[in-house]
Amino acid sequence: LHPAGAAARFSGPESSANVSVLYNATALGPEAAITLEAKFFVEEWSASGIDNFHCLALTFDWDASIGLNAPKYGNRSSVNVGAATIAGQDALTDLWDSSPPRWVSLVMTANATTSTVSLDGQLVAAAAVPNPFIKKPPRDGLLMLEVGHFTGLLDELRISTSVR
């Protein structure tokens, strides 16, 4: 991870950052929402041989996560909430394949009933999959934020408890 002005630079599959995030399920409010949003400038997606390589994710365990998975060995990439795929590679084309590279805004939201994915303010996918942390809150009150495993920049990363 290399600071590049206001953005963070990542330099390939081994370049990543993890941080613990305090999660208070009682502070969710009536929508019970959790939102991850970030701006990506991707020069190359370059996941290694590890399955479900997260480029941006909040996780507690396999069944309790919301995240953007990188393409691996030509496999399809996705946004997953828990074990459910919300958006596949076709919906995420502007994020994966923008040529020339450009800044792309990604917003992933999961509330009490539905999960959505938006790129540059346009809804690209929605599914009847609830916030996975409602049913299975983390035992210690901490989620892990994982980011990286690509070459490019990440900016304006936000985690919130509202629908955006």
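Residues numbered from 1 in each chain as written. Predicted model: local features only at pLDDT ≥ 70, side-chain atom pairs only at ≥ 80, totals over all residues. Heavy atoms only, no water.

Things to note about the pairing of strand β9 (residues 115–119)
And then number 1: Most of β9 is tucked away, with four of its five residues classed as buried.
And then number 2: Two strands pair when backbone bridges link them, and strand β8 (residues 103–110) and β9 are joined in this way by five bridges, in the antiparallel orientation. Looking at the pairing, T109 lines up with T116 of β9.
And then number 3: Count of turn residues in the β8/β9 antiparallel hairpin: four residues.
And then number 4: Bridging between β9 and strand β10 (residues 122–127) involves five bridges; their strand directions are antiparallel. Paired with L119 across the strands is Q122, a residue of β10.
And then number 5: Counting the residues that bridge the hairpin from β9 to β10 gives two residues, and of these D120 lies at a positive phi of roughly 50 degrees. (Buried < 20%, exposed > 50% of the residue type's maximum accessible area, 1.4 Å probe, protein only. Helix = DSSP H or I, 4+ residues; strand = E, 2+ residues; numbered from the N terminus. Pairing = 2+ DSSP bridges.)

Here we look at the packing of aromatic side chains
And then number 1: Applying the stated criterion across every chain yields a total of one aromatic pair.
And then number 2: Their ring planes at 55 degrees and their centres at 5.6 Å tell us that F41 and W103 sit as a pair that is tilted. Remark: W103 occurs in strand β8 and F41 occurs in strand β3 (residues 34–45); sequence separation between them is 62 residues. (Phe/Tyr/Trp six-rings, centres within 6.5 Å; stacked < 30°, edge-to-face > 60°.)

Observations regarding the pattern of salt bridges
And then number 1: Throughout the structure, instances matching the rule amount to four salt bridges.
And then number 2: One salt bridge connects R158 with E37, and the closest N-O pair in it is separated by 3.4 Å. In this pair, R158 sits in strand β11 (residues 142–160) while E37 sits in strand β3, placing the two residues 121 residues apart along the sequence.
And then number 3: Classification of R158 by relative accessible area gives partly exposed; the value is 36%.
And then number 4: A salt bridge links K39 to E156; the nearest nitrogen and oxygen atoms lie 3.8 Å apart. Here the residue K39 occupies a position in strand β3, and E156 occupies one in strand β11, the gap between them amounting to 117 residues.
And then number 5: Given the relative accessible area of 39%, E156 is considered partly exposed. (Salt bridge = Lys/Arg side-chain N within 4 Å of Asp/Glu carboxyl O.)

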